[in-house]
Amino acid sequence: MLWNIFQTFFRVGLFTIGGGYAMLPVLQEELTKRCWLTDEECLDAISLVNGLPGPLVVNGAAFMGYKMKGVAGAFAAVFGAIMPSIIVILIIASIFSDLTSHPWVRAFFAGARPAVCALLLYSMVRMGRSAHLQRWYNALMAVAALLAVRFFGVPHAIMILSAALIGILICRIRPEEQAEEDEHGSSH
Amino acid sequence: MDLLTKLCLFFLKAGAFSFGGGYGVLYMLQNEIVYKNRWISARDFVDVVAIAEMTPGPIAVNASTFVGYTLLGPLAGILATLCIVAVPFVLSLSVSIFYQKFKNNCDVRGALKGIRPAVVGLIAAVSLGIAEVSFPDGLSVGIFVLGAVLLFRWKVHPIFVMMISGLTGIVVYAGIWG
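As the structure is a computational prediction, the values presented were derived from the model and not from experiment.

Student: Looking at this structure, I do not really get the overall build of chain A. What am I missing?
Tutor: Within chain A, the secondary structure is distributed over eight helices and zero strands. Going from the N terminus to the C terminus, chain A shows its helices and strands as α-α-α-α-α-α-α-α. In chain A, which comprises 188 residues, the share counted as buried stands at 52%. For chain A, the proportion of contacts with a sequence separation of at least 24, taken over those separated by at least 6, is 50%. As presented, chain A carries roughly 8,800 Å² of accessible surface, and 66% of it is formed by carbon and sulfur atoms.

In structure tokens, the structure reads:
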């Protein structure tokens, strides 16, 4: 069973190219077809670990692995999920410096860099939607966070903790607004 | 403190604060790896992001393996990766064990809600840093526009956007047609 869990998540890790949400359909398919978890359990798992720090694949693997086979299952799932990345990146990193001396490779990355910017912009817009930036206090929080870390040198951890505290305050003062966000909520 | 210990502590911390998925953690990686410690150059960092985007697995995992390997070899690469997933792993496991209690707690929900918009600000911050080294000329602006159109308008998968832009880079910069 542990070996099966490892294999399944290895496959999921291998096919997760370009970030978290890409792997959801793959993962759901794999787990439900073996009747390890139901569709609802998968979605619950993802929405619960979604807000935690860490890559969604890793968090999802830990959560689901535990549901399937306890702590050992969680370890098997997480190792399976990160193993493909480690192997692939170690191979690429070991040849990277030789690669980058080649003019075509340099040209490839010169072309890819502006695309990385476009990609960041894209993910910013998508996350902005799920973070409800149309509400003024959320928009204010985003701008404040940018100014704090980029222009006032506030350490990242301090900024995250302050944002969490402010979120708690808002929840205490106006719980009804947040509940409303939940209803219209998750765009994922 | 030797470099390996420093590296591990940094990636433990980075993992603990990597809210909002891969792009959220990029700010912290960029700030400490490039600007503070100068472990890799600003341009190599963007290339790592591009590679992470085109290879399987979460960006945070890929970037940590890459940086660890570049600095101290394969074992450090693996160690850095284990460090960056350690805290998220423990937290997710705890949520799995105790999740009935967490589910409707106002403080937990509020904290997560407060962090979400802040992460958008973080991504904006990392984008500014990346833009600084990504636009040496007009052609790169053109590629940016092309990438944005592919992503926003045609919903092309990010991996293909990276591929197309990279190949465009080869055509226009290495001049295989000219």
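After that view, the rundown keeps rolling.
Student: What should I look at first to understand the packing of aromatic side chains in this one?
Tutor: Pairs of aromatic rings are described using the distance from one ring centre to the other and the angle between the two planes. Residues and elements named next belong to chain A. Across all of its chains, the model carries ten aromatic pairs over all chains by this definition. Pairing Trp136 with Tyr137 gives two aromatic rings, centres 5.6 Å apart and planes at 85°, and the pair type is edge-to-face. Given a relative accessible area of 60%, Trp136 falls into the exposed group. Relative accessible area serves as the criterion here: at 10%, Tyr137 is assigned to the buried category. An aromatic cluster is defined as three or more aromatic residues linked by ring pairs; in this entry it consists of Trp3, Phe6 and Phe10.

Student: I keep staring at the nonpolar core and nothing clicks. Help me out?
Tutor: In a soluble, globular protein the nonpolar side chains are often hidden away together inside. By size, the foremost hydrophobic cluster in this structure holds 107 residues, and its most contacted members are Phe9 of chain A together with Phe11, Leu26, Leu29 and Ile33 of chain B. The contact partners of Phe9 of chain A, leaving out residues within four places of it in the chain, are Leu27, Leu31, Ala61, Met64, Met68, Ala77, Gly80 and Ala81 of chain A. Counting residues in each nonpolar core, the second largest holds five residues, with Leu52, Leu56 and Phe63 of chain A together with Val95 of chain B among its members.

Student: Help me understand helix α7 (residues 138–153) of chain B in this model?
Tutor: Side chains of residues three or four places apart in an α-helix project in the same direction, reflecting 3.6 residues per turn. Residue and element names in this part refer to chain B. Along its 16 residues, α7 runs 22 Å from first to last C-alpha, staying within 8% of the 22 Å computed at 1.5 Å per residue. For α7, the full list of buried residues reads Ser140, Ile143, Gly147, Ala148, Leu150 and Leu151. The buried residues of α7 all sit within an arc of 165° when viewed along its axis, so they share a single face. What points out from α7, more than 90 degrees from its buried face, is the exposed set Gly138 and Arg153. Taking the backbone nitrogen of Leu139 as reference, a side-chain oxygen 3.4 Å away marks Asp137 as the first, capping residue of α7. Backbone geometry just downstream of α7 places Lys155 in the positive-phi region, at approximately 55°.

Student: Sorry, what's going on with the interface of chain A and chain B here?
Tutor: Size of an interface: often given as the accessible area lost when the parts come together. Across the boundary between the two partners, chain A contributes 84 residues, which contact 97 residues of chain B. Taken together, the two surfaces of chain A and chain B that pack against each other cover about 8,300 Å², and 79% of this comes from carbon and sulfur. The partner of Arg172 of chain A in a salt bridge is Asp107 of chain B, with the nearest N and O atoms 2.6 Å apart. Remark: the boundary between chain A and chain B carries eight residue pairs in polar contact (both at pLDDT 80 or more). Mapped onto the side of chain A that touches chain B, the elements with two or more residues apiece are α1 (2–15), α3 (39–49), α4 (56–99), α5 (103–130), α6 (136–151), α7 (156–173) and α8 (175–184) of chain A.

Student: Mind showing me how you'd approach the packing of helix α1 (residues 3–16) of chain B against helix α4 (residues 59–72) of chain B here?
Tutor: In a pair of packed helices, the angle between the axes and the distance between the axes together describe the arrangement. All names here are of chain B. As a packed pair, α1 and α4 sit with axes 11 Å apart at the nearest point and diverge in direction by 170°. The orientation of α1 relative to α4 falls into the category roughly antiparallel. Across from Leu3, Leu4, Leu7 and Phe11 in α1, the residues of α4 making contact are Ser64, Val67, Gly68, Leu71 and Leu72. Looking at the contact of α1 with α4 residue by residue, the class counts come to seven nonpolar, two polar and no charged.

Student: Is there a simple way to think about the pattern of salt bridges in this case?
Tutor: Oppositely charged side chains are able to pair whenever their charged atoms sit close together. Inspection of the entire model under this criterion finds five salt bridges over all chains. Among the ionic pairs, Arg150 of chain A bridges to Glu132 of chain B, the shortest N-O distance being 2.5 Å. One end of the pair, Arg150 of chain A, is in helix α6; the other, Glu132 of chain B, is in helix α6 (residues 106–134), on a second chain. The partly exposed category is assigned to Arg150 of chain A, whose relative accessible area is 25%. In this structure, the salt-bridge partner of Glu32 of chain B is Lys36 of chain B, at a minimum N-O distance of 3.5 Å. Of the two residues, Glu32 of chain B and Lys36 of chain B both sit in helix α2 (residues 21–36), four residues apart, roughly one turn of that helix. Under the relative-accessibility criterion, Glu32 of chain B is labelled buried at 13%. Among the charged side chains, a salt-bridge network with shared partners connects Lys13, Glu32 and Lys36 of chain B.

Student: Got a minute to help me understand helix α8 (residues 158–174) of chain B in this structure?
Tutor: Across its 17 residues, α8 of chain B extends 23 Å between first and last C-alpha, which sits within 8% of the 24 Å expected from 1.5 Å per residue. Its buried side turned inward, α8 of chain B meets α5 of chain A together with α3 (42–54) and α7 of chain B. A positive phi of about 60° marks Gly175 of chain B, the residue just after α8 of chain B.

Student: Quick question: what am I supposed to make of the packing of α3 of chain B against α4 of chain B here?
Tutor: Residues and elements named next belong to chain B. Relative orientation of the contacting elements α3 and α4 amounts to 130°, with a least axis distance of 9 Å. Classified by the angle their axes make, α3 and α4 are oblique. Every pair of crossing elements has a handedness; the one defined by α3 and α4 is right-handed. Residue-level contacts link Val48, Ile51, Ala52 and Glu53 of α3 to Ile59, Asn62, Ala63 and Phe66 of α4. Of the residues assigned to the contact of α3 with α4, the class counts are six nonpolar, one polar and one charged.

Rules and cut-offs
Residues numbered from 1 in each chain as written. Chains lettered and ligands numbered in written order. Predicted model: local features only at pLDDT ≥ 70, side-chain atom pairs only at ≥ 80, totals over all residues. Heavy atoms only, no water. Helix = DSSP H or I, 4+ residues; strand = E, 2+ residues; numbered from the N terminus. Buried < 20%, exposed > 50% of the residue type's maximum accessible area, 1.4 Å probe, protein only. Contact = heavy atoms within 4.5 Å. Areas by Shrake-Rupley, 256 points an atom, 1.4 Å probe, with all protein chains shown as cover. Phe/Tyr/Trp six-rings, centres within 6.5 Å; stacked < 30°, edge-to-face > 60°. Core = buried A, V, L, I, M, F, W, Y, C linked by side-chain atoms within 4.5 Å. Expected span 1.5 Å × (residues − 1). Arc of directions from axis to C-beta. Polar contact = N/O pair within 3.5 Å; in protein donor to acceptor, adjacent residues only side chain to side chain. Buried area = accessible area lost by both parts, 1.4 Å probe. Salt bridge = Lys/Arg side-chain N within 4 Å of Asp/Glu carboxyl O. Axes fitted to C-alpha atoms, helices over the stretch in contact; angles between N-to-C directions. Parallel < 35°, antiparallel > 145°, perpendicular 65-115°, else oblique. Nonpolar A, V, L, I, M, F, W, Y, C, P; charged D, E, K, R; others polar. Left-handed = near helix turned anticlockwise from the far one by under 90°.

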